[in-house]
Amino acid sequence: MAILNICFILLTALTTGSIDSITNAPMFELISLPYPTDALEPALSQEAIEIHHGKHLKGYVDNLNRLISATPYARMSLTQIVIAADSSIYDSAIFNNAGQLLNHNLYFTQFAPQGSNPPQGILADAIYSRWGSFDNFKREFSKSGSELFGSGWIWLATDHEGTLYIIQEANGGNPVTKGLTPLLGIDVWEHAYYIDYRNRRSDYINALWDIIDWQVVEQRYESSGVVENSCQQAIKALTQND
Ligand code: MN
């Protein structure tokens, strides 16, 4: 009888979610925006930000926490969940919600109310060597976003050598599943722009260039291992010259 009671308590805990305190599952939280919800106007309206962040992103957070509760995924980082679930045909719901959580966390933290100066330093060098000019890069990126069929994301991503790529991802995809580090991500799901731009996705993408915080993008590039690799290559080149 005592065992049955314990089973009942455990089952109740499982169905109410309080099992997480038993499994020590790290539950994900809705990130706080690093700016007021009206700070990105006119590019993104207060209403659009409040619904996108407070409803859509909140939904992904809640879904993911529910889906991974008491599973091995509960012991993984968000990036690890995306990569692991991508390789399992049984875990597409976890992949979709984890991908969207990772994507939106990167998206909402890459904007600054007044925008910023264009990238400098090694990120600027990498953009120039890949696309010839900053304007060419922006043109290619916007074109890629306009042409993506259906819902998805456009990414500026880097490989381990620091070479840059513009990557189209369908639905909740993220370049981490290709071994790339995401630097800048534009959400081209209709929910990201329909309130402010109706069906005009190109206008939405073009407006975002005014609010990108390139310092954040540079920090992501510099913390992706590029600096260390560049230093190692420089040291190797110097050593070879000796
Ligand atoms: Mn979105």
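Our structure is the block above this text.
This report concerns the structure included in the present document. All values derive from a computational prediction rather than experimental measurement.

How each quantity is defined
Residues numbered from 1 in each chain as written. Predicted model: local features only at pLDDT ≥ 70, side-chain atom pairs only at ≥ 80, totals over all residues. Heavy atoms only, no water. Donors = N, O, S within 2.8 Å, 3.2 Å for Na, K, Ca; no water. Buried < 20%, exposed > 50% of the residue type's maximum accessible area, 1.4 Å probe, protein only. Pairing = 2+ DSSP bridges. Helix = DSSP H or I, 4+ residues; strand = E, 2+ residues; numbered from the N terminus. Axes fitted to C-alpha atoms, helices over the stretch in contact; angles between N-to-C directions. Core = buried A, V, L, I, M, F, W, Y, C linked by side-chain atoms within 4.5 Å. Contact = heavy atoms within 4.5 Å. Salt bridge = Lys/Arg side-chain N within 4 Å of Asp/Glu carboxyl O. Phe/Tyr/Trp six-rings, centres within 6.5 Å; stacked < 30°, edge-to-face > 60°. Polar contact = N/O pair within 3.5 Å; in protein donor to acceptor, adjacent residues only side chain to side chain.

## Examining the coordination of the manganese ion
Inference 1: In this structure, His52 (NE2), His104 (NE2), Asp187 (OD) and His191 (NE2) serve as the protein donors to the manganese ion, at separations of 1.9 to 2.1 Å.
Inference 2: Positions of the donor residues of the manganese ion along the chain correspond to the pattern H-x51-H-x82-D-x3-H.
Inference 3: Looking at Asp187, the relative accessible area reads 0%, which means it is buried.

## Thoughts on the sheet that holds strand β2 (residues 164–170)
Inference 1: Taking strand neighbours across the sheet as the criterion, the 3 strands line up as β2-β1-β3 in an open arrangement whose pairing is antiparallel. Single-partner strands in this sheet number two, and they are β2 and β3 (181–187). The sheet shows a mean angle of 25° between the axes of neighbouring strands, taken without regard to direction.
Inference 2: Sheet topology note: the strand β1 (residues 152–158)/β2 ladder contains 7 bridges and is antiparallel. In the sheet register, Trp155 faces β2, and the bridge partner there is Ile167.

## Considerations on the nonpolar core
Inference 1: Of all hydrophobic cores here, the largest spans 62 residues; its most connected members are Phe137 and Tyr204.
Inference 2: With 8 residues, helix α5 (residues 92–108) is the largest single contributor of residues to this core.
Inference 3: Ignoring sequence-local partners within four residues, the contact set of Phe137 consists of Ile127, Trp131, Leu156, Ile166, Leu184, Trp209 and Trp214.

## Looking at the pairing of β1
Inference 1: Counted residue by residue, β1 has 7 buried out of 7 residues, so it is predominantly covered.
Inference 2: Here β1 shows a buried face lined by Gly152, Ile154, Leu156 and Thr158 and a second buried face lined by Trp153, Trp155 and Ala157.
Inference 3: Count of turn residues in the β1/β2 antiparallel hairpin: 5 residues, of which Gly162 carries a positive phi of about 95°.
Inference 4: Here β1 pairs with β3 via 6 bridges, running antiparallel. For Thr158, the partnering residue across the bridge sits in β3 and is Thr181.

## So, the pattern of salt bridges
Inference 1: All chains considered together, the criterion is met by 4 salt bridges.
Inference 2: Among the ionic pairs, Glu147 bridges to Lys143, the shortest N-O distance being 3.6 Å. Here Glu147 and its partner Lys143 are both found in helix α7 (residues 134–147), 4 residues apart, which amounts to about one turn of the helix.
Inference 3: Glu147 sits in the exposed class, given a relative accessible area of 52%.
Inference 4: Measuring nitrogen to oxygen at the nearest pair gives 2.6 Å for the salt bridge that ties Lys178 to Glu169.
Inference 5: Judged by its relative accessible area of 7%, Glu169 falls in the buried class.

## Brief notes about the packing of aromatic side chains
Inference 1: On inspection of all chains with the given rule, the structure shows 14 aromatic pairs.
Inference 2: Pairing Phe134 with Trp214 gives two aromatic rings, centres 5.3 Å apart and planes at 75°, and the pair type is edge-to-face. Pair noted here: Phe134 is in helix α7 and Trp214 is in helix α10 (residues 214–241), with a separation of 80 residues, a long-range link. Here Phe134 matches Trp214 in class, with each residue buried.

## Looking at the side chain of Ser45
Inference 1: Inspection of the secondary structure puts Ser45 in the loop between α2 (20–23) and α3 (46–68).
Inference 2: Taking the relative accessible area as the measure of exposure, Ser45 reaches 15% and is therefore buried.
Inference 3: Looking at Ser45, its side chain comes within polar contact range of the side chain of Asp196, at 2.6 Å.
Inference 4: The contact partners of Ser45, leaving out residues within four places of it in the chain, are Thr37, Ile195 and Asp196.

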